[in-house]
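# Per-entry structural report
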Amino acid sequence: MPALTIARHSELFEYQILSEQQIAAYQENGYLNVGRVLTDRGLNRLKTDVMAAWEAEKGPFDGNANWLKNSLLVNIHHRSEIVRKYYFNGPLVDVAQQLIGPNIKGVTSQLTFKMRGNTMPFGWHQDNGYGELEPYNTLSTLTALDDSDEENGCLQIIPGSHKQGQIAVYRSSEDRKANKEVVVDADDAKAVPLPMRAGESVVLHCWMPHKSEGNHSKTRDRRIVFLRYADADAV
């Protein structure tokens, strides 16, 4: 029986293989900027597709709305063909297989946006605090659709802090119904900003605490495509 051929979309995505040094850096620091993963064509198509979905669902920015309304749109692969290609056949699949193992599954796809005017910060948290999966090698990928820096709310992390393991959090049924944030204690003095260029992606270990401040730019959005991958047997 011939081997299954996985579709590649090199006109949209920039595929890569991590070096031993990159893998070691991820294991030591708990994060890795893997560099450019979208071609110019892929970046433009992705922005066009996801913005159509975002605007249809969210409408104009509402400063009185909660963080869920203003920052998240889940299951974006159900709304965009190019996101489906990126999620299931894009370069981050190769990256996840190198960092997790050959048998993986996608567990989350969403937009994480801070549009200009959204000055709401998002506190320290581990992604495994929102959806705990074991074994604890799940990773999150954040692909930038815009250049991001501290002014427009780039990601902030504490290198190496994933080594402390899973931080216990308690969410009551009321908290879940109200979609309250899951916030953990972390030392702000150790925070390191992770500026990104549009088309780049950062990978985070599931135990990496991270946060972002609000978008205080008057002219720039900070739009992220967030994809999460786990071991195929993770529960």
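As shown above, the structure is provided for reference.
The written sequence of each chain sets the order in which its residues are numbered from 1. In keeping with the predicted nature of the model, local features appear solely for residues at pLDDT of at least 70, side-chain atom pairs appear and are counted solely at 80 or more, and the whole-chain, interface and lining totals rest on all residues. With hydrogens and water excluded, all non-hydrogen atoms of the structure serve as input to the side-chain values.

## Details of the packing of aromatic side chains
The test is simple: Geometry of aromatic contacts follows a simple scheme: Phe, Tyr and Trp rings, the Trp one being its six-membered ring, pair when their centres are within 6.5 Å, and the pair is stacked under 30 degrees between planes, edge-to-face over 60, tilted otherwise. Buried means the residue's accessible area, taken with a 1.4 Å probe over protein chains only, is under 20% of the maximum for its type, while exposed means over 50%, and partly exposed covers the values in between. Remark: a charge is flagged as sitting over a ring if the NZ atom of Lys or the CZ atom of Arg is within 6 Å of the ring centre and within 35 degrees of the ring normal.
A complete count under the given rule lists seven aromatic pairs for this structure. Note on Phe 122 and Tyr 130: the rings are 6.5 Å apart at their centroids and 20° apart in plane angle, and the pair reads as stacked. The buried category is assigned to Phe 122, whose relative accessible area is 17%. Its relative accessible area of 28% is what places Tyr 130 among the partly exposed residues. Every member of this aromatic cluster is reached through a ring pair, and the members are Phe 13, Tyr 15 and Tyr 86. The ring of Trp 54 carries the charged tip of Lys 58 above its face, separated from the ring centre by 5.2 Å.

## Structural notes on the pattern of salt bridges
Selection criterion: The working definition used for a salt bridge is a side-chain nitrogen of Lys or Arg within 4 Å of a carboxyl oxygen of Asp or Glu. Elements are defined by DSSP. Helices are runs of H or I of four residues or more, strands are runs of E of two residues or more, and each kind is numbered from the N terminus.
If you walk through the whole model with that rule in mind, you get 12 salt bridges. When the shortest N-O distance is used, the salt bridge between Lys 85 and Glu 81 registers 3.6 Å. Residue Lys 85 and its partner Glu 81 are located together in helix α4 (residues 81-89), separated by four residues, close to a single helical turn. For Glu 81, a relative accessible area of 44% translates into the label partly exposed. Between Asp 149 and Arg 220 there is a salt bridge, and its shortest N-O distance comes to 2.9 Å. Highlighted residues: Asp 149 in the loop between β5 (139-144) and β6 (155-157) and Arg 220 in the loop between β9 (210-212) and β10 (222-231), separated in sequence by 71 residues. The exposure class assigned to Asp 149 is partly exposed, which follows from its relative accessible area of 27%.

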